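Geometric and topological summary
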Amino acid sequence: MRLTFLGTSAANAYPEAFCSCRNCQGARAEGGRSLRKRSSALVNDDLLIDLGPDIMAAAQMHRVDLTRVRYCLQTHPHADHMDLSHLLSRSPGFGVVGAPRLHYYASAATLARADETFRRDLAGYGLFDPLAGQELNLELHRIEPMQPIQAGPYRVTAFPANHAPGCGALLYAVEREGRCLFYGVDTASLPDSTWQAFHQQQVRFDLVVLDHTYGPEEEGSDHLCARELAAHARRMREEGLLKEGGRVFASHIAHEGNPPHADLAAFASRHGYEVAYDGLPVVCDGLSGTA
Ligand SMILES: [Zn+2]
Ligand SMILES: [Zn+2]
Ligand SMILES: [Zn+2]
């Protein structure tokens with residue numbers, strides 16, 4: 001499996017539009033890997049994690065082809081992860097050619113929110129309306145935590161996030177041909193029930209992506225900070241959840257305490273993890289990858 005980071009910022013992108021803090025100024029000056037779009041990721045060329053607001057900008061800038069996407073795992077409905085205009089663009093009125101049927105997976109609470117938003121703001125009909133399936137060439141799938149499902153060639157297991165109570169926020173393990181990756185964005189410290197569920201489900205990861213909203217000098221709160229991420233990576237290694245040679249990447253990076261890419265990557269390398277950047281492909285074959 002290959003995971004390509006389409007975006008690696010927290011909610012407001014990085015640098016933030018109207019911010020002149022030291023980190024945002026530094027990122028503007030450095031450009032390149034320090035410029036982060038809102039979080040989403042692509043597995044191989046057919047499984048998208050989060051229908052984020054910046055997926056088209058990412059596809060254009062990093063020359064990533066989204067025309068083969070058949071499966072989309074939605075973590076939760078926050079606006080930095082879910083932009084439903086991408087679904088509306090699939091309707092015949094927009095002249096889309098050749099798009100394969102899209103299987104869209106989310107928790108019941110996220111689907112309910114998506115249905116309501118789509119009806120109210122975009123189309124006048126909801127995603128649960130039979131018309132939606134036909135117009136958008138779309139199939140909705142409700143996914144429950146700890147109940148693995150098959151999405152085409154992928155086995156997908158959802159785990160509860162510690163994020164936005166009531167939204168049904170989920171984190172995903174995606175397995176194929178003996179390789180397993182974990183996408184852990186958005187979340188604060190993983191709840192004990194999620195750690196236990198990793199063991200109950202007997203998952204062992206080749207690649208882990210974790211929330212890194214707050215930087216090295218910040219405290220974690222509603223999201224993980226750098227030191228909490230490092231502690232999570234250590235615990236995963238100690239508990240055998242990360243395979244030998246497995247890699248841990250930080251994503252969902254905000255300007256709060258996170259310096260531009262090179263400095264943050266240097267901190268991370270001293271603390272047992274790596275820092276993702278937009279457009280980075282990581283091959284999850286148990287060997288050292290392409291970063
Ligand atoms: Zn977010
Ligand atoms: Zn800033
Ligand atoms: Zn969120």
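Residues numbered from 1 in each chain as written. Chains lettered and ligands numbered in written order. Predicted model: local features only at pLDDT ≥ 70, side-chain atom pairs only at ≥ 80, totals over all residues. Heavy atoms only, no water.

Note on metal sites: the ideal angle is 109.5 degrees for four tetrahedral donors, and 90 or 180 degrees for six octahedral donors. Distances from the zinc ion (ligand 3) to its protein donors, His76 (NE2), His78 (ND1), His163 (NE2) and Asp186 (OD), fall within 2.1 to 2.3 Å. Coordination at the zinc ion (ligand 3) comes from four donor atoms whose angles at the metal span 88 to 166°, giving a geometry best classed as irregular. The sequence motif formed by the donor residues of the zinc ion (ligand 3) is H-x1-H-x84-H-x22-D. A separation of 3.6 Å is found between the zinc ion (ligand 3) and the zinc ion (ligand 1), which share Asp186 as a coordinating residue. Separated by 110 residues along the polypeptide, His76 in the loop between β4 (71-73) and α3 (85-88) and Asp186 in the loop between β10 (179-184) and α6 (192-200) bring together distant segments of the chain. The exposure class assigned to Asp186 is buried, which follows from its relative accessible area of 2%. (Donors = N, O, S within 2.8 Å, 3.2 Å for Na, K, Ca; no water. Tetrahedral: all angles 85-135°; square planar, octahedral: opposite > 155°, others 65-115°. Helix = DSSP H or I, 4+ residues; strand = E, 2+ residues; numbered from the N terminus. Buried < 20%, exposed > 50% of the residue type's maximum accessible area, 1.4 Å probe, protein only.)

Summarising the metal site, the zinc ion (ligand 2) is bound by the protein donors Cys19 (SG), Cys21 (SG), Cys24 (SG) and His255 (ND1), whose distances to it range over 2.0 to 2.3 Å. The class for Cys21 is partly exposed, based on a relative accessible area of 25%. The exposure class assigned to Cys24 is buried, which follows from its relative accessible area of 0%.

In this structure the tally under the stated criterion is nine aromatic pairs. Pairing Phe159 with Phe198 gives two aromatic rings, centres 4.9 Å apart and planes at 65°, and the pair type is edge-to-face. With Phe159 in strand β8 (residues 154-160) and Phe198 in helix α6, this residue pair connects regions lying 39 residues apart in the sequence. In this structure, Phe159 and Phe198 share a single accessibility class: buried. With a centroid separation of 5.4 Å and an interplanar angle of 85°, the aromatic rings of Phe198 and Phe205 are classed as edge-to-face. Here the two residues Phe198 and Phe205 agree in accessibility, since each one is buried. Ring-pair connections join several aromatic residues into one group, and the members of that group are Phe159, Phe182, Trp195, Phe198 and Phe205. Cation over ring: Arg176 sits above Tyr154, and NZ or CZ is 5.1 Å from the ring centre. Directly above the aromatic system of Trp195 lies the positively charged group of Arg235, at a separation of 4.0 Å from the ring centroid. (Phe/Tyr/Trp six-rings, centres within 6.5 Å; stacked < 30°, edge-to-face > 60°. Lys NZ or Arg CZ within 6 Å of the ring centre and 35° of its normal.)

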